[in-house]
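Listed below are the residues making up each chain.
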Amino acid sequence: MKLTTYLIFMTVFSLLLIETSWARIKLVALPEREATVVRLDNPNATLLEEERVLTLQKGLNQVDFSWKEVQIRPDSIRLTVLKQPQAVTVLSVSYPPNEQALIWEIASPSGQQVRVRISYLLNKIDRLVTYQAVVRKDESNLDLSSFLVLRNFSGENLPASRFQLDYGETFESAVLSGETKRMQFFTAKKLPIKKRFTFDAAQLPWDPKQVGDNVGIPVYYELENTTDNGLGKHALWDGKARLYGEDGHGSTLFLGEDNAKFTPVGQPLKLTIGESRDIVVTQRQMRQQRLNERRNAKRNRVVLYDTKETMQVEIENFKEQTVFVTLKEPMPKEWEMKKASHSYKREHNREIHFDITVPAKDKVIVTYSYYRRNIRP
Amino acid sequence: MRKKALICLVAILLPPELHAKIDLVTLPVRDQVQLTIYNAADLTLVREQRTLTLKQGINRLEFGWADTLIDPTSVYLDAPQHAGKVNLLEVAYPPNVKGSAIWTIESQIAGAVPVDISFFTSGITWRAFYTCTLSTDEKTMRLQNYVRVDNRSGEDYLNAQTRVVVGKIHLLDQIAELAQRHPPYGMPSSIMDYRYAEAQEMIAEEKMMIAAEPPRLFRAAPKKIIKEGLSEYFLYSIEGTETIPNGWGKRLISLDVAKLPVRALYRYDEYRYGNQAQRLLFFKNDKAHHLGETPLPDGKVMIYRQLADKHLSYVAATNTQYIPVEQEVELDLGAARHVKVEPVLMDYRTENYVFDFKGNISGHERIQTWQLKLENNRELPVDIEIFQHFQHPHWTIQNPNNLPGSYEKVDLDTIKYRLTLPARTKEYLLTYTLTLFEGERRRNSR
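Every value quoted in this text rests on a predicted model; they were computed, and no experiment measured them. (Residues numbered from 1 in each chain as written. Chains lettered and ligands numbered in written order. Predicted model: local features only at pLDDT ≥ 70, side-chain atom pairs only at ≥ 80, totals over all residues.)

Thoughts on the overall build of chain A
What chain A contains, in helices and strands, is two helices and 25 strands. The C-alpha radius of gyration computed for chain A amounts to 33 Å, which surpasses the reference 21 Å derived for 377 residues by more than 25%, pointing to a less compact arrangement than a globule. Dimensions of chain A along its principal axes, counting C-alpha atoms only, are 100 × 75 × 35 Å. (Helix = DSSP H or I, 4+ residues; strand = E, 2+ residues; numbered from the N terminus. Rg over C-alpha atoms; globule rule 2.2 N^0.38 Å.)

Here's the deal with the overall build of chain B
Tallying secondary structure elements over chain B gives three helices and 29 strands in all. Buried positions account for 35% of the 446 residues belonging to chain B. Taking the intrachain contacts of chain B between residues at least 6 apart in sequence as the baseline, contacts between residues at least 24 apart amount to 69%. (Buried ≥ 20, exposed ≤ 12 C-beta atoms within 10 Å, placed from the backbone. Contact = placed C-beta atoms within 7 Å.)

Some words on the interface of chain B and chain A
If you look at the interface, chain B gives 49 residues, while chain A gives 57 residues. Counting residues per element, the ones that place at least two in the side of chain B that touches chain A are strand S3 (32-38), strand S4 (44-54), strand S7 (86-93), strand S13 (168-169) and strand S15 (233-238) of chain B. Of all the elements, S7 of chain B adds the most residues to the side of chain B that touches chain A, at six residues. For the side of chain B that touches chain A, the per-class residue count stands at 27 nonpolar, 10 polar and 12 charged. (Nonpolar A, V, L, I, M, F, W, Y, C, P; charged D, E, K, R; others polar.)

Here we look at the confidence of the model for chain A
On average, residues of chain A score 86 in pLDDT, and 92% of them are at 70 or above. Low confidence marks residues 1-27 of chain A, where pLDDT is under 50. Its contacts with residues over four positions away, or in another chain, come to 32 contacts. (pLDDT = per-residue confidence, 0-100.)

What about the sheet that holds strand S21 (residues 312-320) of chain B?
All names here are of chain B. Spatially, five strands are ordered S17-S11-S10-S20-S21 in an open sheet, and the strand pairing comes out mixed. Either end of the sheet is taken by a strand with one partner, and the two such strands are strand S17 (249-261) and S21. Across the sheet, the mean angle from the axis of one strand to that of its neighbour is 20°, orientation sign disregarded. Bridging between strand S10 (residues 124-134) and strand S11 (residues 140-151) involves 11 bridges; their strand directions are antiparallel. Bridge pairing in S11 links Thr-133 to Arg-142. (Pairing = 2+ DSSP bridges. Axes fitted to C-alpha atoms, helices over the stretch in contact; angles between N-to-C directions.)

Topic: the environment of Arg-277 of chain A
Note on placement: Arg-277 of chain A falls in the loop between strand S18 (268-276) and strand S19 (279-295). Separated by 86 residues in the primary sequence, Arg-277 of chain A and Lys-363 of chain A place their C-alpha atoms 14 Å from one another. If we ignore the near neighbours within four places in the chain, the residues touching Arg-277 of chain A are Asn-214 and Gly-216 of chain A together with Lys-168, Tyr-322 and Pro-324 of chain B.

Side note on the pairing of strand S14 (residues 225-230) of chain B
Residue and element names in this part refer to chain B. In this structure, S14 lies alongside S15, joined through six bridges in antiparallel fashion. Directly across from Glu-228, in S15, lies its bridge partner Leu-235. Linking two consecutive strands that pair antiparallel, namely S14 and S15, is a turn of two residues; a positive phi of about 55° is found at Ser-231 within it.

A few points about the sheet that holds strand S20 (residues 302-317) of chain A
Residue and element names in this part refer to chain A. Sheet architecture is open: four strands sit in the order S19-S20-S25-S22, paired in antiparallel fashion. Of all strands in the sheet, those with a lone pairing partner are S19 and strand S22 (335-340), marking the two edges. On average, each strand axis in the sheet is tilted by 20° relative to the strand beside it, whichever way the strands run.

Looking at the environment of Tyr-428 of chain B
Residues and elements named next belong to chain B. Assignment of secondary structure puts Tyr-428 in strand S29 (residues 425-439). In this structure the C-alpha to C-alpha distance between Tyr-428 and Asn-376, which are 52 residues apart in sequence, comes to 8.8 Å. Non-local contacts of Tyr-428, meaning those with residues more than four positions away in its chain, are made with Leu-374 and Leu-421.

Observations regarding unusual backbone geometry
Of note, the amide linkage connecting His-182 of chain B to Pro-183 of chain B takes the cis form, showing an omega dihedral of -5°. Mapped onto the elements, Pro-183 of chain B comes out in the loop between helix H1 (175-180) and helix H2 (197-204). Non-glycine residue Lys-190 of chain A carries a positive phi angle of around 50°. Counting through the fold element by element, Lys-190 of chain A comes out in strand S13 (residues 179-192). Using a count of 13 C-beta atoms within 10 Å as the deciding quantity, one classes Lys-190 of chain A as partly exposed.

A few points about the pairing of strand S23 (residues 339-355) of chain B
All names here are of chain B. In the sheet, S23 pairs with strand S24 (residues 361-376) via 14 bridges, with the strands oriented antiparallel. In the strand pairing of S24, Tyr-348 is matched with Gln-368. Here S23 hands over to S24 after five residues, with Gly-359 in that stretch at a positive phi of 90°.

Examining the environment of Glu-334 of chain A
Residues and elements named next belong to chain A. For Glu-334, the location among the structural elements is in the loop between strand S21 (323-330) and S22. Linking Glu-334 and Tyr-244, residues 90 residues apart in sequence, is a C-alpha distance of 45 Å. Leaving out residues up to four positions away in the same chain, Glu-334 has contacts with Arg-372, Arg-373 and Asn-374.

Examining the confidence of the model for chain B
Residues and elements named next belong to chain B. Residues of chain B with pLDDT of at least 70 account for 85%, and the chain-wide mean is 82. Contacts for the low-pLDDT stretch residues 190-217, under 50 throughout, to residues beyond four places or in other chains number 33 contacts. Two numbers describe this predicted complex: its pTM, 0.78, and its ipTM, 0.73.

Right, here's the structure in full:
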């Protein structure tokens, strides 16, 4: 049911009651609302702001506001006086029993018209953002389109309202209760991307031969939300992104989908498309040697020792393009690198990353040896 | 039997304010349709070409997908021939209407506009399978690869350009679920009403329908399959167009190599196969094996052996993984009956004890003499690979001098022996001595 229909005069019954007991109380008409703004800038709640002109009489006025079958959070309802010839005072807010309604008691020094803004949080209405990207065949750049999806299941019809996102101008649209609407949001063409492969040794099996099935190596595209890249005007909201690839024959192939994370300006957005089976990673521990044994005072028991461990990771590239692979390698609590065939980056104490370039149809073997320090038997 | 329903596009000629009085015009059928079918997920990308008659300015169309398995959130429209001049501004899913949406299209062109409409559907599947026929001497094999497409989408696809995709795709939702979801984008922060059981059941059902071909023109040769790589996917495009009515399946040959050299190997590895030797077949996806142009998709493999009198004998069925170009294929034919490997512990000693100051044992060595008893009861010589796993990485091995080919270290606690056994070898003994260092003796291991 429409909210507006429930913004009503008080009933004749209450009028009579008031006449006899509270003679000073005047009734106020709630006119049609104006300038409705739906604020969608907070992903957790939608704020509605609407303006109304109240005709107040001198003395106490009661304004009745009800929202039957509309998903309003009652405690969020606020009344702000925007324009008043003479200052009015909101004395109290009361909630009648068993009704989805409230009554403002407003004191006015004279009979006058005041413009008020009523705002409230509305449940079951929100917006989603979705993305659609078309990637060039050589995977160097993509065209990004974004869509705004309004979902209104709040019980309140919103004909011709202004919608406000967390940046930019408001726009006008209409969304009825029960309706979902997908709108074009923005498009950005030819955004440069980088393609990356990740082998996480803590997650994936080390020996694909032992698994007996392909071990897919996750693949993602990375693009930066910067003005140089044709973006950078605002944060990219989180939402589902579907990626398509141009096939060189005027059609496209669906490459995969991922949840885009909220990406502030200047930050990279990573979109996983799928798993590569043309990159094969085989990891093996080749050596574990006990060193630096230390004994107790009686010298009859080893109380502390180190081990020297050697790891070997083979990356085979069966593709016809050079690939960039990140090896994520877990490390023990206390460790010290002794020798590494390639440079690495310490991500945190328990993980190091190797960024490896593997030429087309080639393989690279990464080996590293480290001391695991101070093991207690 | 599913109710057959067509995706319909209806043009609304009047502005939306006059919904009640509008004339509905059904558009002509699709001009062309392209199916891109995935096998790693229940997903098909449909791209159809239709000609819309548009007026300049805002046009409104109704798009309906009731009784199909289409994901309504995936529907997009573009006009490649009039890029930027025809835009799908808005898609509205009206309240209390299921399976239908109103499109708002802005057009700078008046008249007939060819447009591409793309969307995802579930219910169309494809899979690859192989038939292998070994030569009598087991040195070569005929390899045939088939592609089978099944349509249970609720929609007939007539004269569709058909492409199948090999690759592992990253999906957040099942298309079959999205197809059943109402409203299409779900409800804000509330539990969604998924009613996809029917669709799931239908897809899970592996009832094989006989692929009786509908009547068609006579063709002199089977259709070609054009293969190409794109990103992490491989695309097989079937020559010409295919008509795949709902409920029908279709099988096409994609590869046929007559004399592919193969290498047989028997492998013993208790960790993987238990205590029976496994029979394996190897070949490489490269030029030397008359392959190497495309990756081989994963699929079921049925292996037969050609007998002298042109009869066949069934060897085994297995699954093969996806094989990139230049990679070796390993077909596992199951446990071997005619080749045996049995490791036997022949001798056990402990030696070189060390003691601490209290006189307690603080270290020693365990010395094990193992005999690998090998048998080859076949008429052919066979290659055998034996994996041996040790309890920990502190070990050494002494090999007898007469051993043909020594061991290879696989990783810190695994070794591998490799040797060839002549035909009809009743018993061959391979002996090695393993020293395991325990306690403080571990310092001595290297």
